[in-house]
Amino acid sequence: MLVLLPPSEGKTPPRARGPLLDLDALSAPGLTPMREKVLDALAAVSASPDALDILGVGPSIADDVARNVALRTATTAPATKVYTGVLYAAAGMDRLTPTARVRAADSVRIVSGLWGLVAPDDHIPAYRLSMGTDLPGIGPLAGAWRAALGVELQGRAEGELVVDCRSATYLAAWHPPRTADWVAVRVLRQERDGSRSVVSHSAKHTRGVLTRHLLTRRGKAPHDATTLARVAGELVGTDLLAVELGPPARGARTLSLVVA
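Conventions adopted
- Residues numbered from 1 in each chain as written.
- Predicted model: local features only at pLDDT ≥ 70, side-chain atom pairs only at ≥ 80, totals over all residues.
- Heavy atoms only, no water.
- Salt bridge = Lys/Arg side-chain N within 4 Å of Asp/Glu carboxyl O.
- Buried < 20%, exposed > 50% of the residue type's maximum accessible area, 1.4 Å probe, protein only.
- Helix = DSSP H or I, 4+ residues; strand = E, 2+ residues; numbered from the N terminus.
- Polar contact = N/O pair within 3.5 Å; in protein donor to acceptor, adjacent residues only side chain to side chain.
- Contact = heavy atoms within 4.5 Å.
- Arc of directions from axis to C-beta.
- Expected span 1.5 Å × (residues − 1).

Asks: What is the right way to read the pattern of salt bridges from this model?
Replies: Oppositely charged side chains can form a pair if their charged atoms are brought close together. Applying the stated criterion to the full structure yields 9 salt bridges. For Glu 160, the salt bridge identified is with Arg 156, shortest N-O distance 4.0 Å. A relative accessible area of 28% places Glu 160 in the partly exposed class. On the accessibility criterion, Arg 156 (26% relative accessible area) is partly exposed.

Asks: In this structure, what is going on with the side chain of Thr 75? I would like to understand it.
Replies: Considering the arrangement of structural elements, one finds Thr 75 in the loop between helix H3 (62-68) and strand S2 (77-78). A polar side-chain atom of Thr 75 sits 2.9 Å from the main-chain carbonyl oxygen of Arg 15. Setting aside chain neighbours within four positions, we find Thr 75 in contact with Pro 14, Arg 15, Ala 16, Arg 17, Gly 18, Pro 19, Leu 20, Ile 124 and Pro 125.

Asks: What is the right way to read helix H6 (residues 98-107) from this model?
Replies: Those residues of H6 that sit buried are Ala 100, Arg 103, Ala 104 and Ser 107. Buried residues of H6, viewed axially, fall in a sector of 100 degrees; they line one side. Structural note: H6 exposes Pro 98 and Val 102 on the side pointing more than 90 degrees away from its buried face. On the buried face of H6, the contacting elements are strand S1 (2-5), strand S3 (108-112), helix H7 (141-157) and helix H9 (201-216).

Asks: Can you help me understand H9 in this one?
Replies: Structural remark: α-helix, 3.6 residues per turn; residues separated by three or four positions point the same way. When the terminal C-alpha atoms of H9 are compared, their 24 Å separation across 16 residues agrees well with the 22 Å that a helix rising 1.5 Å per residue should span. Taken together, the buried positions of H9 are Ala 203, Thr 206, Arg 207, Gly 208, Val 209, Leu 210, Thr 211, His 213, Leu 214 and Leu 215.

Given below as structure tokens:
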């Protein structure tokens, strides 16, 4: 099983006396050359007068952008402590048992506009960069990362269940191979009139709930789309109203999690 997550937009800066960034210590070392390039380009852009416009953020994020300039000498913390948005709060990967933590280290990967790919225990600084950014010197990040992520993930995903919790922005950076049992997770709201609508913000919470369940439940991890749907169905009556597995389309099946 391979669980793909997006990073959180909001990030918690590590403590001032934590370990400094060490690119060579990150998982997926084959991505280091591209990480170097993106890191340098981000620092240059973040120091420019039009940094906020280029990075597509508002004035309230100016401090986060300013922090991008000095990421090479910034303190770090495990990714699960830096990414603290809605999905990560629900997944609770910073408070797992030793057994669940091993499963997370093996199964969970976070697709990032800056690092390409991050494992839960990789030490990273807080930063601001979306995969949807057209970064001067690099270009649109999703396209820039695609080849490197393909090399890194192709073999890992072949013949595996891929539980894809990424948003469309991060989905554009890499698609699993045809040999993978690729399942895209979406969240629907059950309306009072019986209709269903796609939700966005609360979808992050629900994907986080599913992620935590996959990591903490007893028994073997699901190995295909059918067993994934059955495992997700264990949440019906608590966080979910229903779970539905759709037919294959464009290489992926869709697992719909229905919430109130």
